[in-house]
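# Structural overview
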Amino acid sequence: MKAVRHMRKDEGGEGGTIVNISSTAGLCKYTFLPIYGGSKGAVLHFSQSLAREPFYDNTGIRVITLCPGPTATKLMEGLDNRIVETSSMKQIQSLSDVQIIQSIPSAVAAMMKLLKEGDNGSVWLSANDKPVVELTEKINKHLDELEKLTLA
Ligand SMILES: NC(=O)C1=CN([C@@H]2O[C@H](COP(=O)(O)OP(=O)(O)OC[C@H]3O[C@@H](n4cnc5c(N)ncnc54)[C@H](O)[C@@H]3O)[C@@H](O)[C@H]2O)C=CC1
Ligand SMILES: CCCCCC(=O)/C=C/[C@H]1C=CC(=O)[C@@H]1CCCCCCC(=O)O
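The following refers to the structure shown.

The rules behind these values
- Residues numbered from 1 in each chain as written.
- Chains lettered and ligands numbered in written order.
- Predicted model: local features only at pLDDT ≥ 70, side-chain atom pairs only at ≥ 80, totals over all residues.
- Heavy atoms only, no water.
- Salt bridge = Lys/Arg side-chain N within 4 Å of Asp/Glu carboxyl O.
- Buried < 20%, exposed > 50% of the residue type's maximum accessible area, 1.4 Å probe, protein only.
- Axes fitted to C-alpha atoms, helices over the stretch in contact; angles between N-to-C directions.
- Helix = DSSP H or I, 4+ residues; strand = E, 2+ residues; numbered from the N terminus.
- Parallel < 35°, antiparallel > 145°, perpendicular 65-115°, else oblique.
- Contact = heavy atoms within 4.5 Å.
- Nonpolar A, V, L, I, M, F, W, Y, C, P; charged D, E, K, R; others polar.
- Polar contact = N/O pair within 3.5 Å; in protein donor to acceptor, adjacent residues only side chain to side chain.
- Near = heavy atom within 4 Å.
- Areas by Shrake-Rupley, 256 points an atom, 1.4 Å probe, with all protein chains shown as cover.

## A look at the pattern of salt bridges
- Applying the stated criterion across every chain, the model contains five salt bridges.
- A salt bridge links Arg8 to Glu11, with the shortest nitrogen-to-oxygen separation between them at 3.8 Å.
- For Glu11, a relative accessible area of 52% corresponds to the exposed category.
- For the salt bridge of Lys141 with Glu145, the shortest nitrogen-to-oxygen distance reads 3.9 Å.

Now the structure itself:
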């Protein structure tokens, strides 16, 4: 929040961009990393709540979320020793048939594209070494539908 105070245009700053890093683990019900997945779901929800108007109008700060899939960084090293629920190895095995550990340049390319093109509140998926995919409409539709259910 210190950075927000520094950037916000209604307090003398120049506006700016916050990119929060969620994960495919924040989108999918992975059974093997429930705490990590819960924290990544929270990152996404935090971003979408913060990005809601009037934050951007007041501050000029875009809030964007990137959800990378498995990417070949240090985080992935020795991951099998940190799996919480060993019985979920089955899910990991079936996932490895349908997703790959992408290269770091793929995640970097996604970041560069969303920095250039991302609107406030936008959400992007970067996985399997494929071009980044915008998820904003799907995520907001899902959240808006749930919100409607909470209304009297
Ligand atoms: N590698 C992957 O498969 C994926 C990674 N992510 C997310 O991407 C982000 C970056 O992760 P990676 O680059 O993969 O991991 P990494 O382990 O290569 O880099 C993490 C960096 O964070 C720094 N760090 C750790 N704790 C810190 C702290 N308390 N204060 C300041 N710096 C700290 C470490 O020194 C390290 O440089 C993380 O939020 C991770 O959850 C999301 C999806 C997939
Ligand atoms: C044994 C290999 C398991 C592979 C699991 C997998 O499919 C990858 C998961 C990644 C997908 C998105 C992520 O963010 C996951 C990687 C990050 C794991 C972080 C573990 C954090 C911790 O140690 O608590």
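Read on, since the account is not over.
## Comments concerning the packing of helix 2 (residues 34–51) against helix 6 (residues 136–149)
- Interaxial distance between helix 2 and helix 6 falls to 12 Å at its minimum, and their mutual angle equals 85°. Classified by the angle their axes make, helix 2 and helix 6 are roughly perpendicular. Contact with helix 2, carried on its side by Leu44, His45 and Gln48, involves Ile139, Asn140 and Leu143 of helix 6 and no other residues of that element.
- Grouping the constituent residues of the contact of helix 2 with helix 6 by class yields three nonpolar, three polar and no charged.

## Quick word on the side chain of Asn120
- Tracing the sequence through the fold places Asn120 in the loop between helix 5 (104–117) and strand 3 (123–126).
- Here Ala51 takes part through its backbone oxygen, which lies 2.9 Å from a polar atom of the side chain of Asn120.

## Here we look at the site of ligand 2
- The local shell around ligand 2 holds 13 residues, among which Ser23, Thr24, Tyr36, Arg82 and Gln99 are the closest.
- Ser23 places a side-chain nitrogen or oxygen 2.7 Å from an oxygen atom of ligand 2.
- Between ligand 2 and the protein, one listed contact pairs an oxygen atom with a side-chain N or O atom of Tyr36 at 2.6 Å.
- Its residues assigned to classes, the shell around ligand 2 comprises eight nonpolar, three polar and two charged.

## Thoughts on the site of ligand 1
- Close to ligand 1 lie 13 residues; Tyr36, Lys40, Pro68, Thr71 and Thr73 are nearest.
- One of the side-chain N or O atoms of Tyr36 is found 2.7 Å from an oxygen atom in ligand 1.
- Contact distances for ligand 1 include 2.8 Å between an oxygen atom and a backbone N or O atom of Thr71.
- Coverage of ligand 1 by the protein amounts to 42% of the 840 Å² it exposes when considered alone.

## Some remarks on unusual backbone geometry
- Omega for the bond connecting Glu53 with Pro54 falls within 30 degrees of zero, at 15°, which places this linkage in the cis form.
- Along the polypeptide, Pro54 turns up in the loop between helix 2 and helix 3 (55–59).
- Positive phi values are uncommon outside glycine, yet Asn128 reaches one of about 60°.
- Looking at the secondary structure, you find Asn128 in the loop between strand 3 and strand 4 (133–134).
- Judged by relative accessible area, which is 25%, Asn128 ranks as partly exposed.
- Even without being a glycine, Asp129 presents a positive backbone phi close to 60°.
- Locating Asp129 in the fold gives a position in the loop between strand 3 and strand 4.
- In this structure Asp129 comes out as partly exposed when scored by relative accessible area, which is 38%.

Keep in mind these values describe shape, not function.
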